[in-house]
Structure formats: structure tokens, C-alpha cells
Amino acid sequence: MIAVAVAATISVFCVLALVIYSIEFLISHSRLSPIERINAESRASLFLKSNYGLLFFNLLAGDLMQGLGFMINIYWLSRNSYPSTPHEACTVQAVFIELGDVASAFSSLLIGMHVFTVIVIGYKPTRNVCLAFMVLEWAVVIVLASIGPTHLTKNGHPFYGWAGGWCWITPQYQSMRLWLHYFWVFLVAGVNLVAYSAIAVKLVRTGKKAGGSAGGSVTRVMLAYPLLYIASILPLATYRAAAMAGHTWSIHILLACGTIFTLSGFFNSMIYTFTRSLVSSDTVRVISRRGSSDPNHFSVLGTMNANGVRLSQGGVGAEASRVIAKYAALVVLAGRSLDKLQETETVIREETPDASLRLLVVDFASFDSVRAAAAEVNAYVEPIHVLVNNAAVLGTPTSTFMTLPGTFIEFQFGTNHLGPFLFTNLIKPRLIASPCSRIVNVASLGHESCPLLADPSFNGGKDGYVSFKAYAQSKTATMLSAVALAERWKQDGVTAFSLHPGVLKSLGQGAATHIVAAFDPSIADQSGSYLFDCAVHNERAKGYALDKAEAERLWKLSEELLGQKFD
């Protein structure tokens, strides 16, 4: 009993310390500004906020409950006796152990099934799916723990009482030990073994390791928790099964088996403590698993404004590139000035010397330049996982027009919409080379000042041309373009978003919305939406800027102006 009590105390201490540390860590992380959170992101923080982290804490909840139950042995040791009659402390201990044991079993099953669906099926369950199964798990656990004392008490014998080493289901209810406890324990162990066999077969057939594209390094670690549960419960389960079969083993064997099982909370805490540098999921790195076995292999192409590209001069696109360059296998810096691009490259390399950067000169006011740049991108070996259309011009002093054969195009509409529209369509082969890619169009609150006009060139500048109104129309077009892309390219695994950076107090705050739009997996099912201050806020956009019919009209108009059809 002393060994069980000591083991339980160690487990409870370790679990509580880990939970308190994790909560404090997440609270302090949440208090950072959006860009500070991105800069301070660690693999540990990514894991704690992921589905795996949620399932891990669910497992710790079972460990904690079980450990608290076994700690009540300290009370029996202090009394130097165990209860021979019904006792409140005995009932509490039995309930906690029953809840904790079965909850740990089902928690390990949820982890095993999550790993199975990710690797074998290729489906990543959403947060809501994980939460639903956790609620179901605890509902079943509570039913199993309460059904005995509620409905099965017979001949005056308490359902929960002294069970030889601690309080649990009394020997008078041997069959209920099987159906309310060990049946589920062995079922979980069997299902986990089958699932892990399928995982092994899958990995062998695909020639991958558990840390490959299907699961990431987090999967390697998560594989350990269900296996640890099986290893820790089997000795005790074997002892109980032997007792049910009529075999009499020493009480010391029971206590030794109980001690091993009681230490599961300690073991789980130690696994996390010593592997937290390996676990990562659900943020900037999540896209690295889309079509690549390299955990850092994702490529980002971002266009920048002609002016203000230097970080010190206020380039939000450059600031976003600086942050992303810490993680990406490739960041393509695109803009019309090679000198400005080189300055930005220098600033990024000062902080991240080994950043993989590539420069792309493109002038969105020149469709010839756009086509040449697109041809260069299409020659890349790498797919483009994220495209950020950030470049724009504002405030042409007079009605300035780009000329195509027989067509006059208002300069801001041509540069801010048609150029990126053409570029995006031309590099589609590189975008769909990734199973899941994302397009981000940087818009503005200015869109509120003008919808898409019937003639976006103001009848050659004759019909009420105002420079800012033309700019506002171009930003409406930027948003409608994202809506059209979201609808037209969804079958190709492409999502698209538009954004306004928000109320800017610093470069970082503006860049944070870019990064959320480009990488946040929680918004993947809201393709076509508009982001503001790091979150989807469609209600802040004018209705005409997210209208699907208007988006389709813009697409056809753009094709007509460019003289080229696109899918």
C-alpha cells in the first residue's frame, strides 16, 4: 500500500505541475500581440493548442482522477487499517479509481483513433469532432461508474468497498468487474493494437516513417501514449483476470501491478516533458504537411508594394515575409523594384541567415511583365502553397490608363486587380501542385467607398472620375476576386481570402492578419471570407464586395479585358 500511495502522489504532483505550467504558458502566450504570438510560437505551444494537445489533456484528466483515487491509500495507512464496513472515503476512492481507469482507457483510444485517421485514412478530425467524442467518452465513463451502485446492489453488500489493496468493486460483484471495467480495458487495448498494426502497414507500404507527411513529428510522440496505457494496465488486468478465473496470487503482486498502473500519470507527464521539442501542429507549420515529407517544406510567394518595401519604411508584406521566412522552405519576394527586394532580403537574412529566399521582379502595371514573371514561377520545381497578393498603387494624380488593343483600363483597377488576377491564374499549375493551397488578396476598408462599376474605367475617365473612388473600386475587385477563386477553384483544393490588416499600431499587427489568412487552419472552411484584425469578419465588408454574382461578373469582365479565358 505504501508503494501505491507514493506512486499515486508522484503521478498527481507531476500531472498537476504539468497542467499548471501549461495553463500559465498558454495564458501568457495569449496576452501577446498577434505578431508577438507568431514570433514567440514554439513547437510546445503549437502542440498545446492543437487537437493532439486537447486529447493529451483529456488523457491527463483521467490520470489525475485515478491518481487522486489511489492517493487515498495514504488515509488508510494513517489509520493503519482498511474499512471493513461501508465508508465514505472508501466510496470516494472506488469512484475515482473507476472513473480514472476507464477514462484513461477511452482517452488512449481517442488518441489512437486520431492517429489512425490522420495516417491511414488521411483525414484530420476537426476540433469540434474531437470535443464531441470527448463529451461522449465522459458520458459513457460516468454511466459505467454509476450503474453499479445505482442498480446492482444486492443482499446488502456495497458495490464499492475494500478490494484487496484499495477500495474498488467488491469481490461479490466479480462479473461486474468484467462488464463494467475489464471488458472495456481489453477492448481498448485490442482496438489500439489493431489500429497500430494498420498504421504500421500503411507506413511500410507508403515507405514513410511516422513523422512523414501524413502525421508529422507530433504523431511519433502521440503513438507512445496509447502504447504506454496498454503496457501499464495489462499487469493489473492480468492479475484481476486470473483472480476471476479462480487463481490465487500474492497480494504483493497485486500491489506491484497497482503501483505500475498508478505511475501512468507520471509516465505520461515525462513523455511530454522530454518530447515537447518534437511536437508541433495546427499553425504556420500545418501547411508543411500538405504534399511534402519535409516538416519545413512549404513555399510562399508574396507580392509587395513598389514603395515602402523596406521593413523600416512600413512594408506590411515585407514584415509578414520576415516572420514566415523563419519557418518556410522557400519564400518568394515579388515586386517591381529589384533594389527594394534586395534590401528586404538583406533585412530578413540579418535575423534568419539560413532563410530560403528567392526574388521575383514583376510590375503589375505591365501585363507583359506579369506574364514573364508567371512563366518564371511555373518553371519552379516547388509548388506554391501560399500566394499573397499584397502589391497595390494608391492615388494616381489624374485619370491614368493602361492600354490594351482597343481598350482603356483605369490604372489602379489594372494594377491592383487585373495584374494580380492574371498572375494568379497563370501560376495555377504551381498552386494546384500542392493538394491544399491558399490565396490571400490584401484589400482595404477603402472598398466601402465604391462598388464594382458597370464600366470600371469611368468611360475613359469622363464619367465622374475620382482617384480615390477608383482605388476603392479596385479593392472591391480584390475582394470579389477572392470570392470567385474560392468558388471556382475549390475542387482543386484551393482556398482564397481577402483581408484588411486592421487598425495598425505597428507593422507587426498588420502582418499578423496576413499570417492568419495564409495559415490558420480553423478558417479553411470559410473560403471566400474577409478578415479584419486577425479574424473572419464578413459583417465588416460591404455586401457587394462578397456577392457571388458580382464576383462572377468581375471574372468574366476581367477575362474580356485581358482577352483570355481562365478556368
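The structure displayed is predicted, hence computed values, not measured ones.

About the cut-offs
Residues numbered from 1 in each chain as written. Predicted model: local features only at pLDDT ≥ 70, side-chain atom pairs only at ≥ 80, totals over all residues. Heavy atoms only, no water. Helix = DSSP H or I, 4+ residues; strand = E, 2+ residues; numbered from the N terminus. Buried < 20%, exposed > 50% of the residue type's maximum accessible area, 1.4 Å probe, protein only. Contact = heavy atoms within 4.5 Å. Areas by Shrake-Rupley, 256 points an atom, 1.4 Å probe, with all protein chains shown as cover. Pairing = 2+ DSSP bridges. Axes fitted to C-alpha atoms, helices over the stretch in contact; angles between N-to-C directions. Disulfide = S-S within 2.5 Å. pLDDT = per-residue confidence, 0-100. Polar contact = N/O pair within 3.5 Å; in protein donor to acceptor, adjacent residues only side chain to side chain. Expected span 1.5 Å × (residues − 1). Parallel < 35°, antiparallel > 145°, perpendicular 65-115°, else oblique. Left-handed = near helix turned anticlockwise from the far one by under 90°. Patch = residues over 30% accessible without salt bridge, like charges linked within 9 Å, V, L, I, M, F, W, Y side chains within 5 Å. Salt bridge = Lys/Arg side-chain N within 4 Å of Asp/Glu carboxyl O.

Turning to the overall build of the chain, a few remarks are in order. A tally of regular secondary structure across the chain gives 21 helices and 12 strands. In the chain, which comprises 567 residues, the proportion classed as buried is 54%. For the chain, contacts bridging at least 24 residues in sequence account for 75% of all contacts bridging at least 6. For the chain, the computed accessible surface area is about 23300 Å², with 62% contributed by carbon and sulfur atoms.

The next thing to look at is the sheet that holds strand 9 (residues 437-442). In spatial order, the strands read 5-4-3-6-9-10-11-12; together these 8 strands make up an open sheet with mixed pairing. Each edge of the open sheet is held by one strand with a lone partner, namely strand 5 (357-361) and strand 12 (535-536). One ladder, built from 3 bridges, connects strand 10 (residues 494-500) with strand 11 (residues 530-532); its direction is parallel. Residue pairing for strand 11: L499 is matched across the bridge by L531. Contacting strand 3 (299-303), strand 5, strand 6 (386-389) and strand 9, helix 16 (residues 411-426) runs over the sheet at an angle of about 170 degrees to strand 6.

With that settled, the discussion passes to the environment of G67. Along the chain, G67 falls in helix 4 (residues 51-71). In this structure, the C-alpha to C-alpha distance between G67 and G265, residues 198 residues apart in sequence, is 7.3 Å. Sequence-distant contacts of G67, that is, excluding residues within four places in its chain, are made with A8 and V12.

Moving on to the state of the cysteines. Enumeration over the complete set of coordinates arrives at 1 disulfide. The partner cysteine of C90 in its disulfide is C167, sulfur to sulfur 2.0 Å. Residues C90 and C167 are joined through a disulfide that is left-handed, its torsion about the S-S bond being -115 degrees. One end of the pair, C90, is in helix 6 (residues 88-121); the other, C167, is in strand 2 (residues 167-169), with 77 residues separating them in the sequence.

With that out of the way, let us pick up the confidence of the model for the chain. Summary statistics for the chain give a mean pLDDT of 80 and a share of 80% for residues scoring 70 or more. Between residues 306-314, whose pLDDT stays under 50, and residues either more than four places distant or in other chains, the model counts 20 contacts.

A separate point is the side chain of D63. Relative to the helices and strands, D63 resides in helix 4. By relative accessible area, D63 is classed as buried at 2%. Looking at D63, its side chain comes within polar contact range of the side chain of S104, at 3.4 Å. Excluding residues within four positions of it along the chain, D63 makes contact with V15, S104, S264, G265 and N268.

This paragraph deals with helix 1 (residues 2-30). Across its 29 residues, helix 1 extends 42 Å between first and last C-alpha, which sits within 8% of the 42 Å expected from 1.5 Å per residue. Every buried residue of helix 1 is listed here: V4, A5, A7, A8, S11, V12, C14, V15, L18, S22, F25 and H29.

Where helix 16 contacts helix 19 (residues 467-488), the two axes come as close as 7 Å, and the packing angle between them is 20 degrees. Classified by the interaxial angle, the pair formed by helix 16 and helix 19 is roughly parallel. In the packing of helix 16 onto helix 19, the handedness of the crossing is right-handed. Within the contact between the two elements, helix 16 uses Q412, F413, N416, H417, F421 and T424 and helix 19 uses S467, A470, Y471, Q473, S474, A477, T478, S481 and L485.

On the surface, I2, V6, I10 and L77 cluster together to form a nonpolar patch covering roughly 330 Å² of accessible area. Ranked by residue count, the leading element in the nonpolar patch is helix 1, at 3 residues. With respect to the helices and strands, V6 occurs in helix 1.

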